[in-house]
Amino acid sequence: LDEATAAAEAMTLAHAVRGKPGKQSFFVSELCHPQTIEVVRTRARVRGIDVIVGDHQSATLGDDIFGVLVQYPATDGAIYDYRELAKRAHTLGALVVAAADLLALTLLTPPGEWGADIAVGNTQRFGVPLGYGGPHAAYLSTRDEFKRQLPGRIIGVSRDAEGRPALRMALQTREQ
């Protein structure tokens with residue numbers, strides 16, 4: 001899983017939660033990484049989702065939008081305040097996805113605090129240098145209310161027959 005694929009998975013999650021007849025469009029900021037935009041477009045095409053790429057600051061979001069994707073910081077390094085966009089999206093019942101740089105988040109406001117419902121990104125900055133292979137491991141997180149729509153594994157804590165804490169797989173990957 002790389003960042004672009006995580007963004008496409010986030011679009012799929014948003015579609016599962018908010019997509020319905022009449023809500024088949026996903027808005028993507030033109031300031032997202034180009035590879036992310038292309039992977040999202042490819043995944044959307046086979047699902048019949050219309051991807052709208054444009055300026056997040058001036059975009060008019062229609063009633064057909066089920067989700068919005070922004071890059072934080074943007075692909076050119078600019079840092080935008082997405083609070084107003086998140087409010088507009090939520091008013092329409094859409095989810096907001098932030099493709100966020102983990103290292104930048106040590107200084108920036110966390111996406112969930114400004115209105116993002118889903119955060120994705122890659123972990124390359126904490127591991128193997130870019131020139132030594134890839135794709136680099138990505139992350140995908142969401143609000144608690146949407147966790148059942150997440151792809152992948154979630155390990156839950158429960159109690160065994162004698163009352164001791166026990167770990168159990170609550171969800172698993174589709175591939176298993």
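Residues numbered from 1 in each chain as written. Predicted model: local features only at pLDDT ≥ 70, side-chain atom pairs only at ≥ 80, totals over all residues. Heavy atoms only, no water.

### Some thoughts on the side chain of Ser29
Within the fold, Ser29 resides in strand S1 (residues 25-29). With relative accessibility at 0%, the residue Ser29 sits in the buried group. At 3.5 Å, the side chain of Ser29 forms a polar contact with the side chain of His56. Excluding anything up to four places from it in sequence, Ser29 contacts Ile37, Val53, Gly54, His56, Leu69 and Val70. (Helix = DSSP H or I, 4+ residues; strand = E, 2+ residues; numbered from the N terminus. Buried < 20%, exposed > 50% of the residue type's maximum accessible area, 1.4 Å probe, protein only. Polar contact = N/O pair within 3.5 Å; in protein donor to acceptor, adjacent residues only side chain to side chain. Contact = heavy atoms within 4.5 Å.)

### Overview of the confidence of the model for the protein
Put simply, the protein has an average pLDDT of 88, and 86% of its residues get 70 or more. Overall, residues 172-176 carries pLDDT values under 50, and its contacts beyond four positions in sequence, including any with other chains, amount to 7 contacts. (pLDDT = per-residue confidence, 0-100.)

### Describing helix H3 (residues 83-91)
Three or more residues of H3 are buried, namely Leu85, Ala86 and Ala89. Burial along H3 is one-sided: seen end-on, the buried residues are contained in an arc of 100°. Exposed side chains of H3 directed beyond 90 degrees from the buried face belong to Glu84, Lys87 and Thr91. Residues of H3 that are buried in the fold lie against strand S3 (65-72), strand S4 (95-100) and helix H4 (111-114). One or two residues past the end of H3 sits Gly93, with phi positive at roughly 85°. (Arc of directions from axis to C-beta.)

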